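Structure at a glance
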Amino acid sequence: MSVSVPSPDPMIRTAPLYDRVKSVIPSIEWPAFAEDIDAILRLKHKRDAVILAHNYQTPEIFHCVADIVGDSLALAREAAKTDAKTIVLAGVHFMAETAKLLNPRKRVLIPDLRAGCSLAESITPADVRLLRARYPGVPIVTYVNTSAAVKAESDICCTSGNARKIVESLDAPKVIMLPDEYLAQNIARETGVEIVTWAGHCEVHERFSAKDVRQLRAGHPGVVVLAHPECPPDVVAEADFAGSTAAMVDYVAERQPTRVVLMTECSMSDNVAVQNPKVEFIRPCNLCPHMKRITLAKIRQSLETLSHEVTIDPAVAEPARRAVERMLAI
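These figures come from a predicted structure and were not determined experimentally.

Attention now moves to the overall build of the chain. When helices and strands are tallied, the chain shows 16 helices and 12 strands. In terms of overall size, the chain behaves like a compact globule, its C-alpha atoms giving a radius of gyration of 20 Å where 330 residues would be expected to give roughly 20 Å. In the chain, buried positions account for 57% of the 330 residues. Surface accessibility of the chain: about 14,400 Å² in total, with carbon and sulfur atoms responsible for 52%. Taken as two groups, the 38 positive and 41 negative side-chain charges of the chain have centres that lie 3 Å from each other.

Encoded structure:
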């Protein structure tokens, strides 16, 4: 009786994975990915590790090595459920901190500690304390795109996917919403709640304009425009639909538009295109330089060496955790 022996060639072992992404990754590029993917899959088993990947990760990460994918809210929820001893966050630093907050006894790794966020860097804990002093009694809603230290100064967190629900749950006539100015303005328009804003912006989404939307419609007749709520309000007003990355994914999957443009980070179009081969994606390619610090090679190195572990100051960990858990409970 013959015994099947696994092929020693990473190209052969990863061939089924390439079938998933061949529509967005040219075959000439696959050999550069195959060895790292093959090694990562083995290392995940060895380290009892799970990889969480944000929607903005590149397809070879998102579709080939990630165990859990989604927007910030989905990753936060799944981080709280995992039984794995090690979590690798393929995203940016605040996401890894959130995973650590919800899993304080687990090892949480981020493949590049420099993977930051313009929103998270736009506000400090001292800024939040000054706002609380200026608006006594007004609840503070902090976007998850912030440091743990900033979350610790807030009453509750939110994501772009649940921001309206969180604001309305507070049943308050006025709310402080930090730090994304455009998200806050868009939510204020939806809810009618008076919202005190902060001048923080996402360096990817703030570059989109209403003129861009009009030009896309002129150049691609019939295109359906989906905008992230971190875009300026005039972009959201011009779009056919505005919602979180998860809401965009659902919109495309359920409605199957003939032609669509996602006004968000570029890699997401590739990831959604893999799952919706009949939809034509128009790509206005704004890349997040922080997300793109995460690569297969860095994920592999992090798992090999268990390096780049996320730590959180114990003084802020508990209040920050409460703010996130309040969000997840709503």
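The next subject is the sheet that holds strand E10 (residues 241-242). Read from one edge to the other, the open sheet built from four strands follows the order E10-E9-E11-E12, with strand pairing classed as parallel. Only two strands of the sheet have a single partner each, and these edge strands are E10 and strand E12 (280-282). Two elements, strand E9 (residues 224-227) and E10, share two bridges in a ladder whose sense is parallel. Bridge pairing links Ala-227 to Ala-242 in E10.

In space, the four strands of this open sheet follow the order E6-E5-E7-E8, with parallel pairing throughout. Taken across any chain shown, the strands that pair with only one partner, and hence form the sheet edges, are strand E6 (156-158) and strand E8 (194-196). The average undirected angle you get between the axes of adjacent strands in this sheet is 35°. Across three bridges, strand E5 (residues 140-143) lies against E6 in parallel orientation.

On to the nonpolar core, then. Counting residues in each nonpolar core, the largest one holds 92 residues, and the members touching the most others are Trp-30, Ile-51, Met-177, Leu-262, Ile-299 and Met-327. Looking at this core, the element that brings in the most residues is helix H16 (residues 314-329), giving seven residues. Each residue touching Met-327, except ones within four places of it in the same chain, is listed here: Leu-73, Val-144, Ile-156, Cys-157, Cys-158, Thr-159, Asn-162 and Ile-166.

Let's shift gears to the pattern of salt bridges. This structure, assessed with the given rule, holds 21 salt bridges. Between Arg-300 and Glu-35 there is a salt bridge; the shortest N-O distance is 3.9 Å. Taken as a pair, Arg-300 in helix H15 (residues 296-305) and Glu-35 in helix H3 (residues 30-47) lie far apart in primary sequence, 265 residues in all. With a shortest N-O distance of 2.9 Å, Glu-153 and Arg-129 are connected by a salt bridge. Note that Glu-153 is positioned in the loop between helix H8 (148-151) and E6 and Arg-129 in helix H7 (residues 125-134), a separation of 24 residues in sequence.

To continue, consider the pairing of strand E11 (residues 259-263). Regular strands show a simple pattern: their side chains alternate between the two faces of the sheet. The buried fraction of E11 amounts to four of the five residues, a majority that puts the element mostly inside the structure. Sheet topology places E9 next to E11; four bridges connect them, and they run parallel. From the neighbouring strand, Val-224 faces E11, where its bridge partner is Val-260. In this structure, E11 lies alongside E12, joined through three bridges in parallel fashion. Each residue of the ladder has a partner; that of Val-260, found in E12, is Phe-281. Read as a crossover between parallel neighbours, the route from E11 over helix H14 (residues 266-275) to E12 is right-handed.

Going from Leu-178 to Pro-179, the amide bond is cis rather than trans, its omega being -10°. Checked against the element boundaries, Pro-179 lands in the loop between strand E7 (174-178) and helix H10 (181-191). At Asp-171, a position not held by glycine, the phi torsion is positive, near 50°. Within the secondary structure, Asp-171 sits in the loop between helix H9 (163-169) and E7. Backbone geometry places His-308, a non-glycine residue, at a positive phi of 65°. Among the structural elements, His-308 can be located in the loop between H15 and H16.

Once that is clear, we can look at helix H13 (residues 245-255). Along H13, the residues that are buried comprise Thr-245, Met-248, Tyr-251 and Val-252. Down the axis of H13, the smallest arc covering the buried residues is 115°, so these residues share one side. On its buried face, H13 is in contact with E9, E10, E11, H14 and E12. Following H13 by one or two positions, Gln-256 adopts a phi angle in the positive range, close to 45°.

In the predicted model, the chain carries a mean pLDDT of 95, and 98% of its residues have values of at least 70. Note on residues 1-6: pLDDT under 50 across the span, and zero contacts to partners over four residues away in sequence or across chains.

Here we come to the pairing of E5. Of the two faces of E5, the one carrying Ile-140 and Thr-142 and the one carrying Val-141 and Tyr-143 are both buried. Across three bridges, the pairing between E5 and E7 is parallel. Residue Ile-140 lies in a different strand from E7, and its bridge partner there is Ile-176.

About the criteria used
- Residues numbered from 1 in each chain as written.
- Predicted model: local features only at pLDDT ≥ 70, side-chain atom pairs only at ≥ 80, totals over all residues.
- Heavy atoms only, no water.
- Helix = DSSP H or I, 4+ residues; strand = E, 2+ residues; numbered from the N terminus.
- Rg over C-alpha atoms; globule rule 2.2 N^0.38 Å.
- Buried < 20%, exposed > 50% of the residue type's maximum accessible area, 1.4 Å probe, protein only.
- Areas by Shrake-Rupley, 256 points an atom, 1.4 Å probe, with all protein chains shown as cover.
- Lys, Arg positive; Asp, Glu negative; His and termini not counted.
- Charge placed at Lys NZ, Arg CZ, Asp CG, Glu CD.
- Pairing = 2+ DSSP bridges.
- Axes fitted to C-alpha atoms, helices over the stretch in contact; angles between N-to-C directions.
- Core = buried A, V, L, I, M, F, W, Y, C linked by side-chain atoms within 4.5 Å.
- Contact = heavy atoms within 4.5 Å.
- Salt bridge = Lys/Arg side-chain N within 4 Å of Asp/Glu carboxyl O.
- Right-handed = clockwise from strand over helix to strand, strands pointing away.
- Arc of directions from axis to C-beta.
- pLDDT = per-residue confidence, 0-100.

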